[in-house]
Amino acid sequence: MTTHTTSQQQARREAGRREGVPWWREAVTYQLYIRSFADSDGDGLGDLAGIRDRLPYVASLGVDAIWVNPWYPSPQADGGYDVADYRDIYPPFGTLDEALALIREAHGLGLRVLLDIVPNHTSDEHPWFQAALAAGPGSPERDRYIFRPGKGSDGDQPPNDWLSVFGGSAWTRVTEPDGTPGEWYLHLFDPKQPDLNWDAPEVRREFLDILRFWFDRGADGFRIDVAHGLVKQRDLPDVGHDTEHVLAPPDRVDHPHWDRPEVHDIYREWRDLADTYDPPKIFVAEAWVTSVQRLAAYLRPGELHTAFDFDFVRAPWRAADLHRTAMTSLAAHDAVGAPVMWVLSNHDITRHVTRLGRAQSDRPVELFRGRQAPADVELGRRRARAAILLELALPGGVYLYQGEELGLEEVDDLPDEVRQDPTWERSGHLERGRDGCRVPLPWSTSGPSLGFGSGPGWLPQPASWARLSVEAQERDPTSMLALYREALRLRHELTALGAGSGRDVSWLDLGPQTLAFSREPGLTCVVNTGSVSVGLPAGRVLLASGPLDGHHLPPDTAAWIAPA
């Protein structure tokens, strides 16, 4: 495997930043899904030692930061998003000392470190929930969660009609300490993930202390899981519908358990804490809301710094849709003085190579839903190459999901018996779940898990991934990996790219199948989403996502152009 000089990459990161611009306004952040990144001990599960071994590779890409998915002790009912202890490390991943070493080593490579906080719910094995079960109705221990008596003459019906996003009712009845059927507790996700009661002052104090624990140990910020959750309407009214989905915005603005106005009070407290550090710590929200304007409300002065832009993720691969969505997102963020965080894939949604390889309609793209039509993966890769040049050229920051730099597709044909996502069982095997985007990375062209570890990984990889491995792509100057490295190098060197606002974008009309814009000084991005080649503006091509046809841009290709 070729070794890249990370000191040069670090120097480029420093040189590419605008003076006085906070790093998070333009950072490119690489998401690490621990269990699927690298396995150091051969047990089939990725771990912290594997990440530490491969940190130079991550730095060599030219990214500015890493986001590490939950590494806390957990029964792993939902891939670590069921936390049993927020101040320690899941033993199969490593130890607290290893986690702190990872943070130090990442900093030594010029990488900031974002962790993942899960504030909507805990594990049912968290000491607080175990204490709540033992204490009984009306106790202070139960007030940390949302317990209610059931409906019906003997309380055998759920308190309301709320549904779990993983399928089934959002309520589970407990057996009281005396052995009798008792209250019900709320879990908007899996029954092993009871929702916390954010009206309880003790819950608010506890999470401020958790944030402080990791900030004091070097974490630069947090991604907030289900940031639009936490607060529920106090009278818990019925929702009145029979579907709920993990990756879809609410069906109304005034929803009883999503995007409640009171949640902003929590984030103002978190921002106050983050701002006591020098330099200040930062947050990025995962918030599925009804509009980008609602998303921007989380980013008002004094609240969160950034949030993932899921509207752009769901835009069809058509110039008009991409243009409209980008303009709307930029305008909404500009209104509150926040940067857009562009993203193509993550650990919850179908990998974008597969999404882009499917027929595009005039409707938002399904990110995670049942069984879909087969994808033309090679078409998807061609479009994915163009899509990353588009996102890296837009003002703001970008989040990359591990493996997208290799052009990995969704693994749609995993054997049913290996699926672990709770959605699979809770939906009665109607929803395949998210395992297909979580398959371990291929590092080499051979081996039982293509270099992921010394033995098989926790999910099987397609044999075809050998040619997509890091080892294979390091030798190919036309590979997806080479494209990512060159695009990120240029992004740090070109002053036109990185931080900015919608006011910094001049949209160009090059025809209905072409998305084009310029940013000063002297950079034009052109993306052809159509079926025929289009002429490029005059200038010198700095980078193209695929071969050009003279000075024409072929279908599903993008280019960056500088003045001649």
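Everything that follows concerns the structure shown earlier in this document.
Since the structure is predicted, the reported quantities are computational estimates derived from the model, not experimental observations. (Residues numbered from 1 in each chain as written. Predicted model: local features only at pLDDT ≥ 70, side-chain atom pairs only at ≥ 80, totals over all residues. Heavy atoms only, no water.)

Caption draft 1: Representation of the overall build of the protein in the model. For the protein, the helix and strand inventory stands at 14 helices and 18 strands. Over its C-alpha trace the protein gives a radius of gyration of 23 Å, about what one expects of a compact globule, namely 24 Å for 564 residues. Along the first, second and third principal axes, the C-alpha set of the protein runs to 80 × 50 × 50 Å. The buried share of the protein, taken over its 564 residues, is 62%. Counting contacts in the protein only where the partners sit at least 6 residues apart, residues at least 24 apart contribute 69% of the total. Here the protein has roughly 20,300 Å² of accessible surface; of this, 50% comes from carbon and sulfur atoms. Between the centroid of the 57 positive side chains of the protein and the centroid of its 83 negative side chains there is a distance of 4 Å. (Helix = DSSP H or I, 4+ residues; strand = E, 2+ residues; numbered from the N terminus. Rg over C-alpha atoms; globule rule 2.2 N^0.38 Å. Buried < 20%, exposed > 50% of the residue type's maximum accessible area, 1.4 Å probe, protein only. Contact = heavy atoms within 4.5 Å. Areas by Shrake-Rupley, 256 points an atom, 1.4 Å probe, with all protein chains shown as cover. Lys, Arg positive; Asp, Glu negative; His and termini not counted. Charge placed at Lys NZ, Arg CZ, Asp CG, Glu CD.)

Caption draft 2: Molecular detail of the pattern of salt bridges. For the structure on display, the rule yields 37 salt bridges. With a closest N to O distance of 2.8 Å, arginine 381 and glutamate 409 form a salt bridge. One end of the pair, arginine 381, is in helix 11 (residues 377-393); the other, glutamate 409, is in the loop between strand 11 (397-401) and helix 12 (422-426), with 28 residues separating them in the sequence. Look at glutamate 409 and you get buried, because its relative accessible area is 11%. Residues joined in a network through salt bridges with shared partners are Asp78, Asp348, Arg434 and Arg438. (Salt bridge = Lys/Arg side-chain N within 4 Å of Asp/Glu carboxyl O.)

Caption draft 3: Spatial organisation of the packing of aromatic side chains. Enumeration according to the criterion identifies 30 aromatic pairs in this entry. Here the aromatic rings of tyrosine 86 and phenylalanine 207 are separated by 5.2 Å at their centres, their planes lie at 70°, and the arrangement is edge-to-face. On the criterion of sequence distance, the pair formed by tyrosine 86 in the loop between strand 2 (65-68) and helix 3 (96-108) and phenylalanine 207 in helix 5 (residues 201-215) is long-range, its members being 121 residues apart. Assigned by exposure class, tyrosine 86 and phenylalanine 207 land together as buried. (Phe/Tyr/Trp six-rings, centres within 6.5 Å; stacked < 30°, edge-to-face > 60°.)

Caption draft 4: Fine view of the environment of valine 505. Relative to the elements of secondary structure, valine 505 occurs in the loop between helix 14 (480-493) and strand 12 (506-508). It is 9.7 Å that separates the C-alpha atoms of valine 505 and threonine 524, two residues lying 19 residues apart in sequence. For valine 505, the contacting residues outside a window of four places in its chain are Leu330, Pro395, Phe517, Ser518 and Arg519.

Caption draft 5: The arrangement of the packing of helix 5 against helix 6 (residues 263-274) in detail. Look at helix 5 against helix 6: their axes get within 11 Å of each other, and the N-to-C directions meet at 30°. On the basis of their axis angle, the class for helix 5 and helix 6 is roughly parallel. Note that helix 5 runs across helix 6; the crossing there is right-handed. In this structure, helix 5 contributes Arg204, Phe207, Leu208, Leu211, Arg212 and Phe215 to the contact, and helix 6 contributes Asp265, Ile266, Glu269, Trp270, Leu273 and Ala274. Its residues assigned to classes, the contact of helix 5 with helix 6 comprises eight nonpolar, no polar and four charged. (Axes fitted to C-alpha atoms, helices over the stretch in contact; angles between N-to-C directions. Parallel < 35°, antiparallel > 145°, perpendicular 65-115°, else oblique. Left-handed = near helix turned anticlockwise from the far one by under 90°. Nonpolar A, V, L, I, M, F, W, Y, C, P; charged D, E, K, R; others polar.)

Caption draft 6: Fine view of the sheet that holds strand 4 (residues 147-148). With antiparallel pairing, three strands are arranged side by side in an open sheet as 4-6-5. The open sheet terminates on both sides in strands that have one partner only, identified here as strand 4 and strand 5 (171-175). Relative to strand 6 (residues 181-186), strand 4 runs antiparallel, the two being bridged by two bridges. The residue bridging phenylalanine 147 from the neighbouring strand is tyrosine 185, located in strand 6. (Pairing = 2+ DSSP bridges.)

Caption draft 7: Highlighting the pairing of strand 3 (residues 112-117). Burial analysis of strand 3 places five of its six residues in the buried class, which makes it a mostly covered element. Relative to strand 3, strand 2 runs parallel, the two sharing three bridges. Its bridge partner lying in strand 3, alanine 65 is registered against arginine 112. In this fold, strand 2 hands off to helix 3, which returns the chain to strand 3; that crossover is right-handed. Taken together, the four bridges between strand 3 and strand 7 (residues 221-224) define a ladder with parallel strand orientation. (Right-handed = clockwise from strand over helix to strand, strands pointing away.)

Caption draft 8: Structural context of the nonpolar core. Residues Tyr30, Ile66, Trp71, Trp214, Tyr267, Trp270 and Trp560 are the most contacted members of the largest nonpolar core, which totals 155 residues. Ignoring anything within four residues of it in the chain, the contact list for isoleucine 66 reads Thr29, Tyr30, Leu32, Leu55, Val58, Leu102, Ala106, Leu111, Arg112, Val113 and Leu114. (Core = buried A, V, L, I, M, F, W, Y, C linked by side-chain atoms within 4.5 Å.)

Caption draft 9: Highlighting the sheet that holds strand 13 (residues 514-519). With antiparallel pairing, five strands are arranged side by side in an open sheet as 12-13-14-18-16. Each edge of the open sheet is held by one strand with a lone partner, namely strand 12 and strand 16 (540-544). Strand-to-strand twist in this sheet, taken as the mean axis angle between neighbours without regard to direction, amounts to 25°. Pairing analysis gives three bridges linking strand 12 to strand 13, with the strands arranged antiparallel. Looking at strand 13, one finds that serine 506 is bridged to serine 518.

Caption draft 10: Structural context of helix 3. Helix length check: helix 3 (13 residues) gives 18 Å between terminal C-alpha atoms against 18 Å at 1.5 Å per residue, within 8%. Within helix 3, the full set of buried residues consists of Ala99, Leu100, Ala101, Leu102, Ile103 and Ala106. Of the surrounding secondary structure, the elements contacted by the buried residues of helix 3 are helix 2 (48-61), strand 2, strand 3 and helix 5. Just past helix 3, the residue glycine 110 takes up positive phi, approximately 85°. (Expected span 1.5 Å × (residues − 1).)

Caption draft 11: Expanded view of the packing of helix 11 against helix 14. Axis separation between helix 11 and helix 14 bottoms out at 10 Å; the angle between their running directions is 10°. Here helix 11 is positioned roughly parallel relative to helix 14, judged by the angle of their axes. Only Met480, Leu483, Tyr484, Ala487, Leu488 and Arg491 of helix 14 make contact with helix 11, whose side of the interface consists of Arg381, Ala384, Arg385, Ile388, Leu389 and Leu392. Classifying every residue of the contact of helix 11 with helix 14 gives nine nonpolar, no polar and three charged.

Caption draft 12: Main features of the pairing of strand 6. Most of strand 6 sits inside the fold, with five of its six residues counted as buried. Here strand 5 pairs with strand 6 via four bridges, running antiparallel. Paired with tryptophan 171 across the two strands is leucine 186, which belongs to strand 6. Counted between consecutive antiparallel strands, the loop separating strand 5 from strand 6 contains five residues, among which glycine 179 sits at a positive phi close to 90°.

Caption draft 13: Fine view of the side chain of glutamine 513. Among the secondary structure elements, glutamine 513 is positioned in the loop between strand 12 and strand 13. At 3.0 Å, the side chain of glutamine 513 forms a polar contact with the side chain of asparagine 528. (Polar contact = N/O pair within 3.5 Å; in protein donor to acceptor, adjacent residues only side chain to side chain.)

Caption draft 14: Representation of the side chain of arginine 385 in the model. Tracing the backbone shows arginine 385 in helix 11. The charged side chain of arginine 385 is buried without a salt bridge, its nearest counter-charge being aspartate 476 at 7.2 Å. Here threonine 478 takes part through its backbone oxygen, which lies 3.2 Å from a polar atom of the side chain of arginine 385. Every residue in contact with arginine 385, bar those within four places of it in the chain, is listed here: Thr478, Ser479, Met480, Leu483 and Ser545.

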